[in-house]
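Residue-level listing of the chains:
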There are 2 protein chains.
Amino acid sequence: MKIGIFGTGVVGQTHAERLTELGKEVMIGTRNVQESLTRHQPDNFKRPGFGEWHKKNNKVRLGTYFETAAFGEIIILATNGSGTIPALQLAGKEGLSGKVIIDISNPLDFSKGFPPSLFVCNTDSLGEQIQREFPETLVVKCLNTMNAFVQVNPAVVPGDHSVFLGGNDAGAKLKTRAFLHVYGWNDKNIIDVGDITASRGLEQILPLWVRLMSVFKTPMFNFHVAGAPTQTI
Amino acid sequence: MKIGIFGTGVVGQTHAERLTELGKEVMIGTRNVQESLTRHQPDNFKRPGFGEWHKKNNKVRLGTYFETAAFGEIIILATNGSGTIPALQLAGKEGLSGKVIIDISNPLDFSKGFPPSLFVCNTDSLGEQIQREFPETLVVKCLNTMNAFVQVNPAVVPGDHSVFLGGNDAGAKLKTRAFLHVYGWNDKNIIDVGDITASRGLEQILPLWVRLMSVFKTPMFNFHVAGAPTQTI
């Protein structure tokens with residue numbers, strides 16, 4: 001299973017590290033490979049720059065968005081929400097056609113500081129915008145409702161907790177389900193919430209998530225739907 | 001503990017029935033008591049009209065919003081979201097001054113059909129609007145994230161699941177906590193999410209709740225925060 005990841009930040013890095021550990025082939029896509037590799041300054045969270053990270057994770061391939069789209073059987077969107085559609089535009093519609101795109105990004109707007117608001121919500125969503133802008137792709141909104149460390153390893157949060165799948169294509173959701181199994185997600189905790197318009201609800205849960213993170217002073221929690229009936233797959 | 005409930009719909013009825021069963025004194029507030037009592041036609045969900053309901057639940061007092069505000073030590077807002085502020089305006093600022101107001105309403109807009117959108121969200125919320133419009137009240141956003149039958153009896157959903165408290169006044173949140181204990185909520189599942197601006201997140205979880213209800217074909221589920229640290233009270 002070859003995975004292309006768009007985004008060099010902590011979310012993209014976390015997925016790339018874990019997938020490599022799990023024996024998968026990974027390419028991270030970025031606007032400019034050389035520029036990304038020369039980033040050595042720590043980021044706002046005091047994490048090492050991407051160049052430093054890649055020295056320790058040199059099994060992870062790097063490529064342009066275009067190259068990464070060509071490489072991946074599945075593409076994970078791990079960009080900042082505002083960078084998601086521009087990254088896909090750089091990849092190009094042709095190379096993305098028919099690809100399963102797992103959108104884990106969130107339309108967070110930090111322009112007025114913390115906490116962020118959403119730059120699209122209520123009657124539209126980022127997931128829908130992506131599907132509309134790239135109608136030949138198979139977008140699945142997934143994993144955006146939790147921290148990256150929980151996304152790639154659900155066992156770090158105790159007990160049962162949920163991951164949601166929203167998308168228009170049943171086959172793409174099955175492939176996403178198989179991808180989630182790689183990380184250790186069980187079907188009983190994977191909830192299919194229907195078509196891509198479910199992105200509205202999945203993205204609008206973020207303000208509560210952000211509030212909980214502030215109150216708890218940790219991002220190591222996740223939403224669980226208690227009483228959810230078993231879904232047939 | 002005397003409870004005033006604003007709203008004669010299924011949510012208000014459910015709270016009134018349960019509180020009466022639990023030995024509490026309850027008054028339901030409405031715009032026009034006589035008009036409410038003459039409602040005998042079933043509603044859209046084929047529930048009997050309020051007049052029929054009250055014949056079977058005649059321990060529940062009825063009053064105007066003004067009388068109900070005077071009666072209740074705690075006021076529960078169980079109106080439709082769009083009716084919440086108008087009902088409070090009819091009760092009047094003077095009678096509401098200093099009261100603990102538990103806002104369980106949601107800013108759902110059904111004007112374009114199902115699923116509803118939100119008539120306020122993102123950078124403001126109904127809970128905040130109420131607190132701003134009635135600055136002398138102590139608003140606590142609570143219980144709006146689940147079905148009324150779960151609100152009044154958490155044991156109907158198996159396992160642990162969460163109820164959130166958001167409000168500016170610590171004393172009002174303590175009283176709300178005591179009120180939740182009456183229904184059987186345990187402190188370990190009551191999550192204090194800070195001030196009333198938390199209403200944004202709590203109300204914006206509704207689109208996902210509505211979607212889950214549509215997918216599951218039942219409202220008997222609830223969100224749980226797995227991994228939530230224990231809070232000191």
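Residues numbered from 1 in each chain as written. Chains lettered and ligands numbered in written order. Predicted model: local features only at pLDDT ≥ 70, side-chain atom pairs only at ≥ 80, totals over all residues. Heavy atoms only, no water.

## Details of the pattern of salt bridges
- On inspection of all chains with the given rule, the structure shows 24 salt bridges over all chains.
- Between Lys55(A) and Glu52(A) there is a salt bridge; the shortest N-O distance is 3.5 Å. Here Lys55(A) pairs with Glu52(A), and both are found in helix H3 (residues 50–56), just three residues apart, close to one helical turn.
- Since its relative accessible area comes to 57%, Lys55(A) is described here as exposed.
- The shortest N-O distance in the salt bridge between Arg211(A) and Asp195(B) comes to 3.2 Å. One end of the pair, Arg211(A), is in helix H11 (residues 206–216); the other, Asp195(B), is in the loop between strand E10 (190–192) and helix H10 (199–204), on a second chain.
- A relative accessible area of 18% places Arg211(A) in the buried class.
- Overall, Asp195(B) belongs to the partly exposed group, its relative accessible area being 33%. (Salt bridge = Lys/Arg side-chain N within 4 Å of Asp/Glu carboxyl O. Helix = DSSP H or I, 4+ residues; strand = E, 2+ residues; numbered from the N terminus. Buried < 20%, exposed > 50% of the residue type's maximum accessible area, 1.4 Å probe, protein only.)

## Let's talk about the relation of the copies chain A and chain B
- With an RMSD of 0.0 Å, the fit of chain A onto chain B corresponds to turning through 180 degrees and sliding 0.0 Å along the axis. Taken together, the rotation and translation describe the operation of a two-fold axis.
- Mapped onto chain B, 100% of the interface residues of chain A again fall at the interface, so both copies present the same surface. (Least-squares fit on C-alpha atoms with pLDDT ≥ 70 in both. Contact = heavy atoms within 4.5 Å.)

## Quick notes on the side chain of His15(B)
- One can find His15(B) in helix H1 (residues 10–21).
- Filtering out sequence-adjacent residues up to four positions away, His15(B) remains in contact with Ile5(B), Ile76(B), Ile104(B), Leu143(B), Gln151(B), Val152(B) and Tyr183(B).

## With respect to the sheet that holds strand E9 (residues 163–167) of chain B
Residues and elements named next belong to chain B.
- Pairing is mixed in the open sheet, where eight strands are placed in the order E3-E2-E1-E4-E5-E8-E9-E10. Only two strands of the sheet have a single neighbouring strand rather than two, namely strand E3 (61–64) and E10. Adjacent strand axes in the sheet meet at a mean angle of 25 degrees, parallel and antiparallel pairs treated alike.
- Inspection of the sheet shows strand E8 (residues 138–142) paired to E9 by three bridges, in the antiparallel sense. Along E9, the bridge assignment pairs Lys141 with Gly166. (Pairing = 2+ DSSP bridges. Axes fitted to C-alpha atoms, helices over the stretch in contact; angles between N-to-C directions.)

## Quick word on the sheet that holds strand E2 (residues 25–30) of chain A
Residues and elements named next belong to chain A.
- Pairing is mixed across the open sheet formed by eight strands, whose spatial order is E3-E2-E1-E4-E5-E8-E9-E10. Each end of this open sheet is capped by a strand with a single partner; those strands are strand E3 (61–64) and strand E10 (190–192). With direction set aside, neighbouring strand axes in the sheet form an average angle of 25 degrees.
- Where strand E5 (residues 100–103) lies against strand E8 (residues 138–142), four bridges are found, and the strand directions are parallel. Of the residues in E8, the one forming a bridge with Val100 is Leu138.
- Strands in contact with helix H7 (residues 126–133) are strand E4 (74–77), E5 and E8; relative to E8, the strand with the most contacts, it is inclined by about 170 degrees.

## A word on H1(B)
Residue and element names in this part refer to chain B.
- The end-to-end C-alpha distance of H1, which contains twelve residues, comes to 16 Å, matching closely the 16 Å that a straight helix rising 1.5 Å per residue would cover.
- Residues of H1 that are buried: Gly12, Gln13, Thr14, His15, Ala16, Arg18 and Leu19.
- Tucked inside the fold, the buried residues of H1 contact strand E1 (2–6), strand E2 (25–30), helix H3 (50–56), strand E4 (74–77), helix H8 (148–151) and helix H9 (170–183).
- Phi for Gly23, located one or two positions after H1, is positive at around 85 degrees. (Expected span 1.5 Å × (residues − 1).)

## A closer look at unusual backbone geometry
Residues and elements named next belong to chain A.
- Omega for the peptide link from Phe114 to Pro115 comes to -5 degrees, which places this bond in the cis form.
- Positive phi is not limited to glycine here, since Asn122 has a value of about 70 degrees.
- Locating Asn122 in the fold gives a position in the loop between strand E7 (117–118) and H7.
- For Asn122, a relative accessible area of 15% corresponds to the buried category.
- A positive phi angle is found at Lys217, which is not glycine, with a value near 60 degrees.

## Regarding H11(A)
All names here are of chain A.
- By the criterion of burial, H11 is predominantly enclosed, with eight of the eleven residues buried.
- Taken together, the buried positions of H11 are Leu206, Pro207, Leu208, Trp209, Val210, Arg211, Leu212 and Phe216.
- Immediately beyond the C-terminal end of H11, within one or two residues, lies Lys217, with a positive phi of roughly 60 degrees.

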